[in-house]
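Structural characterization, general
Take a look at the letters that make up each chain.
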Amino acid sequence: MAHAYTPGLKVTEQTVIHKTRRLPLLGEVLVKEGDLVTPEMVVATTNIPGNPQTINVANQLGIEAEDVEGVMVKKQGDQIKKGDRIAYYKAFFGLMKKEVLSPIDGYVEMVSPVTGQVALREPPIPVQIEAYVKGRVSSVIPKEGVVIETKGAFIQGIFGVGGEVQGVIKCLAKSQDYVLDAADIKPEHKGCIVVGGSLVTGAALKKCAEYGVKGAVAGGIVDTDLISYLGYDIGVAITGHEDVPTTVIITEGFGKITMAAKTYNLLRDLDGWVASINGATQIRAGVMRPEIIVPDYVPKHKAVDAAAYAEGMVPGTPIRIIREPYFGLVAEVVELPPELQMIDTESHVRILKAKLASGEIVTIPRANVEIIEG
Amino acid sequence: MSETKHEAKFQLDREINSILATDCGSTTTKAILIEKVGDEYRLIHRGEAPTTVEAPFEDVTAGARNAIRELEELTGKKFLSDEGVITPRQPDGSGVDIFLSTSSAGGGLQMMVAGVIKIMTAESAQRAALGAGAIVMDTISIDDGRLPHQKIQRIRHLRPDMILLSGGIDGGTITHVAQIAELISAAEPKPRLGIGFKLPVIYAGNTAARKYIKDILSEKTDLREVDNLRPVLEKEVLGPAREEIHNLFMEHVMAQAPGYNKLMKWTPVPIMPTPGAVGLGMQNAAREHNMSVIGVDIGGATTDVFSVFGDDFELFNRTVSANLGMSYSICNVLLEAGVANIMRWVPFDIDEGDLRNRIRNKMVRPTTVPQTQDDLIIEQAISREALRLAFEHHKSLAVGLRGIQQARDAGSAFDQTLTGQSHIDLMKLGMLIGSGGVLSHAPRRVQSVIMMLDAFQPEGVTQLAVDSIFMMPQLGVLSTVHPKASAQVFDRDCLIRLGTAIAPVGPGREGQETMRVKVTYADGKVVEETSTFGTIKALPLAVGETAEVEIHPGRSFDIGHGAGHRATITAKGGTDGIILDSRGRRPFSLPDDKATRIKKLVGWFDSMNVYPPETIARLKKAN
């Protein structure tokens, strides 16, 4: 393949971001192209059919399924309240009386003469889609949703848990390898997104939950700390729907791993800015990485030419090594030999030579590095 | 489990000398070029490119074009025009005679199945869906232990591509199947793709209930009717349901997936779901080689297992373990197998926390490759467990019809067997075929041998092979229009023969003689070898060669003809020759004591040259 390396995660001070906000079913779009939106603004809405309940009326009344229609007090389509009598049956000249009461508010959807079942349905459930980021509606997808455009800082993590939240960034890390622990988290961080360096500990996450911290960002997390935080183990890399009080984003990987300088420096500069973050990660088809978006952020540094990365790696490209034996280290590409080379495992793969921060030159499979993108 | 052959709707109207076929996988699109060389069809080149179903491309043909462009570069020929693949081959040499494709991109085919009784109609529906190449997201039945509202919630929550509904024998009771239909109706399920579209539901149940099913489901779903897949209890007819699944896959799933409308116009043959095509390839292999076959494809997210058994190879089964894989789902292997089961294959000490973090990091960065021997050993240890679990899953589903009356004569009255017996008989297994990155691309072929032996535990005499570059999907779909070309390429270019394994079954003690073998090579050379319990070793027999092997098992050991009974076989050669695996079957066990276990593993790896001598020396020294 022409590009065998992993495309890097985006860490940029300023870029144009498009977020598609789509309803699960067809519905109504509440904004129009060009409208300015704030994160909590509802941009589209729809109604999901209410929860259904089935009752086997024939069984409850002890009658044949085909006789159910005749004993229904409420007919198909009728509105019902919880406790309403929906079916009534008497036999033996009224000596034996039985009834079925509705367990819900809603309406009678179906009466089956085949099975004797009656389906009741609760009122429709309204679903609203919020803008999630501050920006402008760049296009409307009729009846489905909108695309919102915003300009600002954008950081992708490698893995996250928890859904979309907004909050003020508080960079608590004093360095790239700072360990964010319980003592760092204070009550005043309520509603904030706290940033650590190489690790966020399980105890820190516990404190975040206790004080109502919206999000926590760090280089790494220990596998068992994540399991205790969630209360269960994750088998497949599809996340974002976890019911957790604090959304967690890790930027480098599992274990204690120093946050890349570029990511750390940008997060430090973003201290005090309002960010929209999402821990949702999906590493199968349709790759989705967790993200930190800070609309309107004005870069402090000279912009890096994005085209510099368009052609992939060249000597001088900053990279992150993403597998043992140099896992987590940042390096610079020195040489990109075109031919396949045998590595220690005896596999023949495309490799590159890279210079580590220590000055050592090492050989690494190209599949085991990612570009630190701007 | 009768399997109807995929009906080719396309008739060849020209002589086929060149074939181009793509498989659009979830991450990579693979293209192969087959040409007639003399009297034989051979693989000429292959190309690959990232699949482009997702944003920002959202057009599967972009990836297919890139993969085909690699073939153009390699051959110097032109295969593409603005309209697609040029067919037939032009006088100037451009184009090919036919283009074909399979696909599992965008999540493949995801189905939910429902039936009345879990181990009867619901199980038949599950087999129909799996055999057609689907991932079965859930199986709903009256007796699945869930309350009606829980089933409704589950159906609502899932967004499958389609539902297969079965239940009842023809003319039997309609109440129960109607009840399941009412649950589906109440749930108002929505399809995964195509907002605003109705969900396709295939009804393959009691024909007498069709009217009622129509009343219940026709308004809310896109209802299709096919023949009952259990017309009588003793018979399972899966063909019509599978055919309709393939039709709907084309009409609904493919038509909704980005760019497929274009790709469908490139080929006169329906695009098949990748696993469905692989299943066809496995069935063809069984018939072609006249032996039962087990095939496995271990991917990043899922592991598919196929088996073809029976006197006429009529017992075809496919299962997909949707969450057992070597990258995206690797943490699920850890979760299901447990750390201890993975660690038992690792011949050195590693901190459990370190191992767990490594596995998680593979999950979040799935395209990385092991760079060190230790990392490779760990990855291959995980793969053994993924394969083992997937095979366990397969064995649980590859069973005969359950809950039925069996006609018996007086002679069989004392030999009664239960219904629902497994179709998998490892002693009768002829060939084990491995596929997927960890097996096809292992740095040493013997590593694939040992991974497959450890995970599947084949018994008696079994040929081992790997699919060299995973072209089984393309060859499967090719077999529907040109079986000869498919068979020739399969045998000559697709399979890499690893060798013939001989594994005696029976309890033994360390050092006990399990078998003596006498190998007579084609040049008349004779080699005699004695194998002892707890050991594994290989005798050379190169790819393409055969040898007569007389096997004399020890008194308590069986190689397929009863304990102690000798046999003479013709062994097929391979990269690792004839493998005498006397490490134990039924049971196979590893020592509980860590030091003893590690010593044992290192001994086996040393004897079979599984890892380089310096790695073996280091492992020996460390222990």
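Residues numbered from 1 in each chain as written. Chains lettered and ligands numbered in written order. Predicted model: local features only at pLDDT ≥ 70, side-chain atom pairs only at ≥ 80, totals over all residues. Heavy atoms only, no water.

**Concerning the overall build of chain A**
The helix and strand inventory of chain A stands at five helices and 29 strands. Its C-alpha radius of gyration of 28 Å places chain A more than 25% over the 21 Å reference for a compact globule of 374 residues. Projected onto its principal axes, the C-alpha coordinates of chain A cover approximately 100 × 50 × 45 Å. Every one of the 374 residues in chain A was classed for burial, and the buried ones make up 53%. Within chain A, residue pairs in contact and separated by at least 24 positions form 64% of the contacts whose partners lie at least 6 positions apart. Measuring between centres, the 38 positive side-chain charges of chain A sit 4 Å from its 45 negative side-chain charges. (Helix = DSSP H or I, 4+ residues; strand = E, 2+ residues; numbered from the N terminus. Rg over C-alpha atoms; globule rule 2.2 N^0.38 Å. Buried < 20%, exposed > 50% of the residue type's maximum accessible area, 1.4 Å probe, protein only. Contact = heavy atoms within 4.5 Å. Lys, Arg positive; Asp, Glu negative; His and termini not counted. Charge placed at Lys NZ, Arg CZ, Asp CG, Glu CD.)

**Observations concerning the environment of A:E324**
Mapping A:E324 onto the fold places it in the loop between β23 (318-321) and β24 (330-335). Given the relative accessible area of 19%, A:E324 is considered buried. Sequence separation of A:E324 and A:K97 is 227 residues, and the distance between their C-alpha atoms is 75 Å. Among all residues touching A:E324, those that are not within four sequence positions of it are B:R358, B:Q371 and B:D375.

**Concerning the interface of chain A and chain B**
Each side of the interface is counted separately: chain A has 64 residues, and chain B has 58 residues. Both sides of the chain A and chain B interface together cover about 5,100 Å² of buried area, and 54% of this is carbon and sulfur. Counting the contacts that link chain A with chain B gives ten salt bridges. In this structure, B:E188 and A:R121 form a salt bridge, with 3.6 Å as the shortest nitrogen-oxygen distance. Where chain A touches chain B, the interface holds 24 residue pairs in polar contact (both at pLDDT 80 or more). Among the elements that take part in the side of chain A that touches chain B, strand β20 (residues 247-254) of chain A stands out by supplying four residues, more than any other. Considered class by class, the residues forming the side of chain A that touches chain B number 32 nonpolar, 18 polar and 14 charged. (Buried area = accessible area lost by both parts, 1.4 Å probe. Salt bridge = Lys/Arg side-chain N within 4 Å of Asp/Glu carboxyl O. Polar contact = N/O pair within 3.5 Å; in protein donor to acceptor, adjacent residues only side chain to side chain. Nonpolar A, V, L, I, M, F, W, Y, C, P; charged D, E, K, R; others polar.)

**Structural notes on the pairing of strand β8 (residues 134-141) of chain B**
The buried count for β8(B) comes to seven of eight residues, which makes it a mostly enclosed element. Regarding the hand of the β-α-β motif, the stretch spanning strand β7 (residues 109-115) of chain B, helix α2 (residues 121-131) of chain B and β8(B) is right-handed. (Right-handed = clockwise from strand over helix to strand, strands pointing away.)

**What about a nonpolar patch on the surface?**
A cluster of nonpolar side chains, contributed by A:F92, A:F93, A:L95 and A:M96, occupies part of the molecular surface with about 580 Å² of accessible area. Examined against the element boundaries, A:L95 turns out to sit in the loop between β7 (85-91) and β8 (96-101). (Patch = residues over 30% accessible without salt bridge, like charges linked within 9 Å, V, L, I, M, F, W, Y side chains within 5 Å. Areas by Shrake-Rupley, 256 points an atom, 1.4 Å probe, with all protein chains shown as cover.)

**Brief notes about the pattern of salt bridges**
Evaluated as defined, the whole model comprises 62 salt bridges over all chains. Notably, a salt bridge pairs A:E109 with A:R121, separated by 2.6 Å at the nearest N-O pair. In this pair, A:E109 is assigned in strand β9 (residues 106-111) and A:R121 in strand β10 (residues 117-121), connecting sequence segments twelve residues apart. Of the two residues examined, A:E109 and A:R121, each falls in the buried class. Within this structure, A:R323, B:D354, B:R358, B:K362, B:D375 and B:E379 form a network of salt bridges that share partners.

**Some details on the sheet that holds strand β4 (residues 42-48) of chain A**
All names here are of chain A. Spatial strand order, β2-β4-β11: three strands in an open sheet with antiparallel pairing. Among the strands making up the open sheet, the edge pair consists of β2 (28-29) and β11 (125-130). Pairing of β2 with β4 involves two bridges; the strand directions are antiparallel. Each bridged residue has a counterpart across the sheet, and for V29 the counterpart in β4 is A44. (Pairing = 2+ DSSP bridges.)

**Details of helix α17 (residues 594-608) of chain B**
Residues and elements named next belong to chain B. When the terminal C-alpha atoms of α17 are compared, their 21 Å separation across 15 residues agrees well with the 21 Å that a helix rising 1.5 Å per residue should span. Within α17 the residues assigned to the buried category are R597, I598, K600, L601, V602, W604, F605 and M608. Buried positions along α17 lie against α10 (339-343), α12 (373-397), α14 (445-456), β21 (535-539), β24 (578-582) and α18 (613-622). Immediately beyond the C-terminal end of α17, within one or two residues, lies N609, with a positive phi of roughly 55°. (Expected span 1.5 Å × (residues − 1).)

**Topic: the sheet that holds strand β12 (residues 272-273) of chain B**
Residues and elements named next belong to chain B. Pairing in this open sheet of five strands is mixed, and the strands run β3-β2-β1-β6-β12 from one edge to the other. For this open sheet the edge positions go to β3 (40-50) and β12, each flanked by a neighbour on one side alone. With six bridges connecting them, strand β1 (residues 18-24) and strand β6 (residues 98-103) associate as parallel partners. Among the inter-strand pairings, D23 is bridged to a residue of β6, identified as T102. Each of β1, β2 (28-37) and β3 touches helix α16 (residues 483-494); the most contacted strand, β3, lies at about 75° to it. (Axes fitted to C-alpha atoms, helices over the stretch in contact; angles between N-to-C directions.)

**Focus: unusual backbone geometry**
Along the chain, A:E324 connects to A:P325 via a cis peptide bond; the corresponding omega equals 10°. With an omega dihedral of -15°, the bond running from B:T87 to B:P88 counts as a cis peptide bond. Structurally, B:P88 can be placed in the loop between β5 (84-85) and β6. Unusually for a residue other than glycine, A:Y132 sits at a positive phi of about 75°. Turning to its location among the elements, A:Y132 is positioned in the loop between β11 and β12 (135-141). Positioned with a positive phi, B:R586 is a non-glycine residue whose angle comes to about 45°. Structurally, B:R586 is set in the loop between β24 and α17.

**Considering the domain arrangement of chain A**
Accessible area lost when the parts come together is the quantity often used to give the size of an interface. Partitioning chain A into structural domains gives domain 1 (11-17 + 152-295), domain 2 (52-121) and domain 3 (306-371). With centres defined by C-alpha atoms, the gap from domain 1 of chain A to domain 2 of chain A works out at 52 Å. (Domains from an automatic or database assignment.)

**Notes on the confidence of the model for chain A**
Chain-level pLDDT for chain A is 89 on average; 93% of the residues reach the 70-or-more range. Contacts of residues 1-6 of chain A to residues separated by more than four positions or lying in other chains number 24 contacts, the stretch itself having pLDDT below 50. (pLDDT = per-residue confidence, 0-100.)

**Section: helix α15 (residues 472-479) of chain B**
Because an α-helix packs 3.6 residues into every turn, residues spaced three or four apart end up facing the same way. Counting buried positions along α15(B) yields eight of eight residues, so the element is predominantly enclosed. Every buried residue belonging to α15(B) is among B:M472, B:P473, B:Q474, B:L475, B:G476, B:V477, B:L478 and B:S479, and all of these are buried.

**Quick word on the domain arrangement of chain B**
Partitioning chain B into structural domains gives domain 1 (18-105), domain 2 (108-262), domain 3 (504-589) and domain 4 (590-623). Taking only C-alpha atoms, the centre of domain 1 of chain B and the centre of domain 4 of chain B are 45 Å apart.

**Here's the deal with the packing of aromatic side chains**
According to the stated counting rule, one finds eight aromatic pairs over all chains in the structure shown. Judged by centre distance (6.2 Å) and plane angle (35°), the ring pair of B:F533 and B:F557 falls under tilted. Note that B:F533 is positioned in the loop between β20 (526-532) and β21 and B:F557 in the loop between β22 (546-553) and β23 (567-572), a separation of 24 residues in sequence. Judged by its relative accessible area of 1%, B:F557 is buried. Among the aromatic residues, those joined into a ring-pair cluster are B:W345, B:F588 and B:W604. Over the ring of A:Y88 we find A:R85, and its NZ or CZ is 4.1 Å from the ring centre. Positioned above the aromatic ring of B:Y212 is the side chain of B:K211, whose terminal nitrogen or guanidinium carbon lies 5.0 Å from the ring centre. (Phe/Tyr/Trp six-rings, centres within 6.5 Å; stacked < 30°, edge-to-face > 60°. Lys NZ or Arg CZ within 6 Å of the ring centre and 35° of its normal.)

**What to know about the pairing of β23(B)**
Residue and element names in this part refer to chain B. Of the two faces of β23, the one holding A567, I569 and A571 is buried and the one holding T568, T570 and K572 is not buried anywhere. Judged from the six bridges that link them, β22 and β23 form a sheet pairing that is antiparallel. In the strand pairing of β23, A547 is matched with A571.

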